[in-house]
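Architecture at a glance
Okay, here's what each chain looks like letter by letter:
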Amino acid sequence: MDPLSTLWETFFDWDSMREALPEMLTVGLPNTLILAVSAALLGSVLGLLLAVAGISRSRWLRWPARVYTDVFRGLPAAATILLIGVGLAPLGMQVWGPDPYPLGILALSLIAAAYIGEIFRSGIQSVEAAQLEGARALGFSWADAMRLVIVPQGIRRVLPAWVNQLIALIKDSSLVYFLGLVASQRELFRIGQDYAATTGNESALLLAGLCYLALTVPLTHVVNWIDRRLRNGRPATAPTDEDDDTAPYAMEGDRR
Amino acid sequence: MTAASTTSVSLDVRDVHLAFGPNRVLRGVDLSVPRGATACVIGPSGSGKSTLLRTINRLIEPDRGDVLLDGRSVRGDDPDALRQRVGMVFQQFNLFPHMSVLRNVTLALRRLRKLGEDEADALARAQLELVGLAGKANSRPAQLSGGQQQRVAIARALALRPEVMLFDEATSALDPELVKGVLGVMADLSAAGMTMVVVTHEMGFARQVADTVAFMDRGVVLEAGPPEAVFERAEHPRLRRFLDQVL
């Protein structure tokens, strides 16, 4: 057999793929989504808290946020997942039994929060101080001004970076297999790997890879589309003022 | 521009001091604005005019001195509650770009005044109507010209029915042809009896609209009086030099 067809059969053996596909879609995909979506939600909430703590005037909020971020960004994801998933397992056992998912999701969330916190913080800090002053002048408290005016603007500015992090999360969810999964808990990667191991053919793993791409590539494009829309606002209509204002479309930069 | 006259109160600034480190920005400022009157504050840049405005609504806390509304000190008041009574308009408008014009105006009505959506919308639309922008309620700030944005900012402040209005170089960031519309709205408001403190470089406006013109230099009010006295019979040499440069 010539090397080319060997390569082809190693990666594109349709029978192997067809065999793995049903389980990939009914077990692997839902499990990957459960892991990634839960960790994305929890990680984003924690990240937002970290971001706000990170810009707080109180050092008792700022420093812990700083230390947390340094630690969880600095550790390899696999190490964090094992440390939390295995280290806290006895505790988890008492609360929800032997299911590794809660701790897996917790570990993924804690890692994601460190990165998302930095992303949100940079977005929030990019909002002009004048916006805070404008909100405070209306009588809003600092907390309300942040919640209603500053944070929403800051997060919009970093949407693409945030989605990058969610993509990383989808990929990192594969690491939960370290914690030992029963058959019904296996996510995309583990199912692909299992089929590849039993058949000695990598096609099922390649199929898992394609499933990851089917999740991550559209996500990038959707967020770019949303980002463009937010940047440009809704379809622009030039100001047509009845009385005095006959200025051309006022761009952001013109005011400076 | 109705209803303003019924709610406005007198404003007294008494011996306000403020230093940023060694830099003494305000060195004992006094300013009295009777109910319904307009005071224009003029002076070179860096003289403390904008800082003075911010100590009135306590965006900046003064080191010393007092501010009285309707004869009563506001020093012990909650600053957030005070700022609902004292409206402020900024040089750069400070509209919220992620919200429609209408939502810019209704935000404080709904969140602070706890009005329902319909009531807040009606009030905001009425206020936008008064500044000639009823048709722009659903636009985003970035879709408006600078002059229109500043009028939205004025409507946003007025919607809370403030008792005093502060204007911080409200027309300085505008193209010359847009200045008139904003000054017109401010003059109407003054005529309707709003108590106003206007920091401005528009000497024509100060001359026509102000009841009092105060000249600030290096953190103090050097000279204050009716516009004709300040502009025609300036006593202080620094004021005369300033007027020579700007008129």
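Bear in mind the structure is a predicted one, so any value in this text is a computation, not a measurement.

Criteria and thresholds
- Residues numbered from 1 in each chain as written.
- Chains lettered and ligands numbered in written order.
- Predicted model: local features only at pLDDT ≥ 70, side-chain atom pairs only at ≥ 80, totals over all residues.
- Helix = DSSP H or I, 4+ residues; strand = E, 2+ residues; numbered from the N terminus.
- Buried ≥ 20, exposed ≤ 12 C-beta atoms within 10 Å, placed from the backbone.
- Contact = placed C-beta atoms within 7 Å.
- Expected span 1.5 Å × (residues − 1).
- Arc of directions from axis to C-beta.
- Pairing = 2+ DSSP bridges.
- Axes fitted to C-alpha atoms, helices over the stretch in contact; angles between N-to-C directions.
- Parallel < 35°, antiparallel > 145°, perpendicular 65-115°, else oblique.
- Left-handed = near helix turned anticlockwise from the far one by under 90°.
- Nonpolar A, V, L, I, M, F, W, Y, C, P; charged D, E, K, R; others polar.
- UniProt positions renumbered as here; feature names shortened; annotations may be inferred.
- Core = buried A, V, L, I, M, F, W, Y, C linked by C-beta atoms within 7 Å.
- pLDDT = per-residue confidence, 0-100.

This part takes up the overall build of chain B. On a plain count of helices and strands, chain B comes out with ten helices and ten strands. The buried share among the 247 residues of chain B stands at 50%.

Regarding its fold elements, chain A presents eleven helices and zero strands. Taken over 256 residues, chain A has a buried fraction of 35%. The long-range share in chain A, meaning contacts at least 24 apart out of those at least 6 apart in sequence, stands at 73%.

What follows is about helix H3 (residues 59-74) of chain A. Residues and elements named next belong to chain A. End to end, H3 covers 22 Å across 16 residues, agreeing with the expected 22 Å (1.5 Å per residue, within 8%). The set of residues buried in H3 consists of Ala65, Thr69 and Phe72. For H3, the arc enclosing every buried residue in end-on projection is 85°, short of the 170-degree limit, so these residues lie on one face. What points out from H3, more than 90 degrees from its buried face, is the exposed set Arg59, Trp60, Val67, Asp70, Val71 and Gly74. Elements that come into contact with the buried residues of H3 comprise helix H2 (14-54), helix H4 (77-87) and helix H6 (101-125).

Our focus in this paragraph is the pairing of strand S3 (residues 38-42) of chain B. Residues and elements named next belong to chain B. Most of S3 sits out of view: five of its five residues are buried. Burial along S3 is two-sided: the residues Thr38, Cys40 and Ile42 and Ala39 and Val41 are all buried. Where S3 lies against strand S8 (residues 195-199), four bridges are found, and the strand directions are parallel. Opposite Thr38, over in S8, you have Met196 as the bridge partner. Of the pairings in the sheet, the one linking S3 to strand S9 (residues 212-217) comprises four bridges and is parallel in character. The residue of S9 that forms the bridge with Ile42 is Phe215.

Moving on to the packing of helix H4 (residues 101-111) of chain B against helix H6 (residues 146-158) of chain B. Residues and elements named next belong to chain B. For the pair H4 and H6, interaxial distance at closest approach is 8 Å and the crossing angle is 25°. By the angle between their axes, H4 is roughly parallel relative to H6. With respect to the hand of their crossing, H4 and H6 are arranged in right-handed fashion. Residues Val101, Asn104 and Val105 of H4 pack against Val152, Ala155 and Arg156 of H6. Residues belonging to the contact of H4 with H6 are distributed by class as follows: four nonpolar, one polar and one charged.

What follows is about the UniProt feature "domain: ABC transporter" (unreviewed entry) in chain B. UniProt marks residues 11-243 of chain B with the feature "domain: ABC transporter" (unreviewed entry), using the numbering shown here. Annotation note: span residues 11-243 of chain B, helix share 38%, strand share 26%, distance between end C-alpha atoms 26 Å.

Listed under "domain: ABC transmembrane type-1" (unreviewed entry) in the UniProt record, and renumbered for this structure, are residues 29-223 of chain A. The span residues 29-223 of chain A is 81% helix and 0% strand, and its two end C-alpha atoms sit 21 Å from each other.

On to the sheet that holds strand S5 (residues 72-73) of chain B. Residue and element names in this part refer to chain B. Taken together, four strands build an open sheet; the order of strands is S2-S1-S4-S5 and the sheet is antiparallel. The open sheet has two edge strands, strand S2 (23-33) and S5, and neither has a second partner. Pairing between strand S1 (residues 11-20) and strand S4 (residues 64-69): five bridges, direction antiparallel. Within the sheet, the bridge partner assigned to Leu11 lies in S4 and is Leu69.

Attention now moves to helix H7 (residues 176-191) of chain B. Helical periodicity: at 3.6 residues per turn, an α-helix aligns residues three or four positions apart in one direction. All names here are of chain B. Here H7 spans 23 Å end to end across 16 residues, near enough to the 22 Å set by a 1.5 Å rise per residue. Regarding H7, the residues found buried are Leu178, Val179, Gly181, Val182, Leu183, Val185, Met186, Leu189 and Ser190. Positive backbone phi, at 100°, marks Gly193, one or two positions downstream of H7.

In this numbering, the UniProt entry assigns the feature "transmembrane region" (unreviewed entry) to residues 33-55, 75-95, 101-120, 166-184 and 204-226 of chain A. Within residues 75-95 of chain A, the helical portion is 86% and the strand portion 0%, while the C-alpha atoms at the span's ends are 27 Å from each other.

Moving on: unusual backbone geometry. All names here are of chain B. Its identity is not glycine, yet Asp15 carries a phi of approximately 50°, on the positive side. Here Asp15 lies in strand S1. Residue Asp15 is classed as partly exposed on the basis of its 13 C-beta neighbours within 10 Å. In this structure, Arg218 is a non-glycine residue whose phi angle is positive, near 50°. On the secondary structure map, Arg218 appears in the loop between S9 and strand S10 (220-225).

All names here are of chain B. Within the open sheet, the six strands sit side by side as S6-S7-S8-S3-S9-S10. Their pairing is mixed. Bordering the open sheet on either side are strand S6 (86-89) and S10, each of which pairs with just one other strand. Sheet twist, expressed as the average angle between the axes of neighbouring strands with direction ignored, equals 20°. Summarising the sheet, strand S7 (residues 164-168) and S8 pair through five bridges and their orientation is parallel. Counted as the bridge partner of Val164 is Thr195 from S8. Each of S6 and S7 is contacted by H6, which is oriented at about 170° to S6, the strand it contacts most.

With that settled, the discussion passes to the nonpolar core. Core analysis: the largest hydrophobic core is formed by 119 residues, its most contacted members being Ala112(A), Val41(B), Ala155(B), Leu166(B), Phe167(B), Val197(B) and Phe215(B). Here this core gets 14 residues from one element, more than from any other, and that element is H6(A). Every residue in contact with Phe215(B), bar those within four places of it in the chain, is listed here: Ile42(B), Gly43(B), Val221(B), Leu222(B), Glu223(B), Ala224(B), Val230(B), Leu239(B) and Phe242(B).

This part takes up the confidence of the model for chain B. Low-pLDDT stretches of the model should not have their predicted coordinates read in fine detail. All names here are of chain B. Mean pLDDT for chain B: 94, with 98% of residues reaching 70 or above. Under a pLDDT of 50 for its full length, residues 1-5 has, in the predicted model, twelve contacts with residues more than four places off or in other chains. Reported confidence for the predicted complex is 0.92 by ipTM and 0.83 by pTM.

What follows deals with the confidence of the model for chain A. Of the residues in chain A, 90% have a pLDDT of 70 or more, and the chain-wide mean is 88. Within the model, pLDDT remains below 50 along residues 234-256 of chain A, and this stretch shows 42 contacts once partners closer than five positions in the same chain are excluded.

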